[in-house]
Amino acid sequence: MEAKSKILNTVKYVGLTVLTIGISIFLYGFFVSDYSAITGIGIGTIMSAVFIFLMGVFFVATEEMQEKTDKGIRIVQ
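Structural notes, computed from the coordinates. (Residues numbered from 1 in each chain as written. Predicted model: local features only at pLDDT ≥ 70, side-chain atom pairs only at ≥ 80, totals over all residues. Heavy atoms only, no water.)

## Some words on the pattern of salt bridges
Applied cut-off: The salt bridge definition used is simple: a Lys or Arg side-chain nitrogen within 4 Å of an Asp or Glu carboxyl oxygen. The helix and strand labels rest on DSSP assignments: H or I over at least four residues marks a helix, E over at least two residues marks a strand, and numbering proceeds from the N terminus.
Scanning the model with the defined rule gives one salt bridge in all. Of the charged contacts, one joins glutamate 67 and lysine 4 as a salt bridge, the two residues approaching to 3.0 Å between their closest N and O atoms. Within this pair, whereas glutamate 67 is found in helix α2 (residues 36-68), its partner lysine 4 is found in helix α1 (residues 2-32), the two being separated by 63 residues in sequence.

So, in structure tokens, the structure goes:
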């Protein structure tokens, strides 16, 4: 259980950091810069932060489900 909480905390902090960077890039591109490409880069960065977080949660949930399932072949006589 400790490994799962470490993975979840890591994914949470990495996702939050990338999300903060993406929001700042988006706001800079939308309000300050004259180039619309910077706004698109900000939106892409925000989407990647959400994707990173969801994939991390998915991996933890998959690992937990694999631990709870029965392993091996049952032989019924």
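## Description of the side chain of threonine 39
Put simply, the rule reads: Here's how the labels work: a residue is buried when its accessible area is under 20% of the maximum for its type, exposed when over 50%, partly exposed in between, all with a 1.4 Å probe on protein chains only. Any two residues having at least one pair of non-hydrogen atoms within 4.5 Å are treated as being in contact.
The topology assignment puts threonine 39 in helix α2. Judged by its relative accessible area of 14%, threonine 39 falls in the buried class. Leaving out residues up to four positions away in the same chain, threonine 39 has contacts with Phe26, Gly29 and Phe30.

## A closer look at the environment of methionine 47
Mapped onto the secondary structure, methionine 47 falls in helix α2. Sequence-wise, methionine 47 and valine 18 are 29 residues apart; in three dimensions their C-alpha atoms are separated by 9.5 Å.

## Examining α2
Convention followed: Here the expected span of a helix is defined as 1.5 Å times the quantity of residues minus one.
Helix length check: α2, at 33 residues, gives a terminal C-alpha distance of 49 Å against a target of 48 Å (1.5 Å per residue), a fit within 8%. Taken as a whole, α2 has its buried residues at Thr39, Gly42, Thr45, Ala49, Gly56 and Val60. In this fold, the buried residues of α2 make contact with α1.

## Details of the side chain of lysine 4
Here is the rule we go by: Think of a polar contact as two N or O atoms within 3.5 Å of one another; within protein, one of them needs to be a possible hydrogen donor and the other a possible acceptor, and neighboring residues in sequence only count if both atoms come from side chains.
Judged by its relative accessible area of 8%, lysine 4 falls in the buried class. Here the side chain of lysine 4 touches glutamate 67 through a polar contact of 3.0 Å, side chain to side chain. Ignoring any residue separated from it by four or fewer positions in sequence, one finds lysine 4 in contact with Val60, Glu63, Glu64 and Glu67.

## A few points about the packing of α1 against α2
Put simply, the rule reads: To obtain an axis, a line is fitted to C-alpha atoms, over the contacting stretch when the element is a helix, and the angle between two such axes runs from 0 to 180 degrees between their N-to-C directions. Relative orientations are named as follows: roughly parallel for angles under 35 degrees, roughly antiparallel for angles over 145 degrees, roughly perpendicular for angles from 65 to 115 degrees, and oblique for any other angle. The classification used treats Ala, Val, Leu, Ile, Met, Phe, Trp, Tyr, Cys and Pro as nonpolar, Asp, Glu, Lys and Arg as charged, and all other residues, Gly among them, as polar.
As a packed pair, α1 and α2 sit with axes 6 Å apart at the nearest point and diverge in direction by 170 degrees. Put simply, α1 runs roughly antiparallel to α2. Along the lines of polarity and charge, the residues of the contact of α1 with α2 split into 20 nonpolar, eight polar and five charged.

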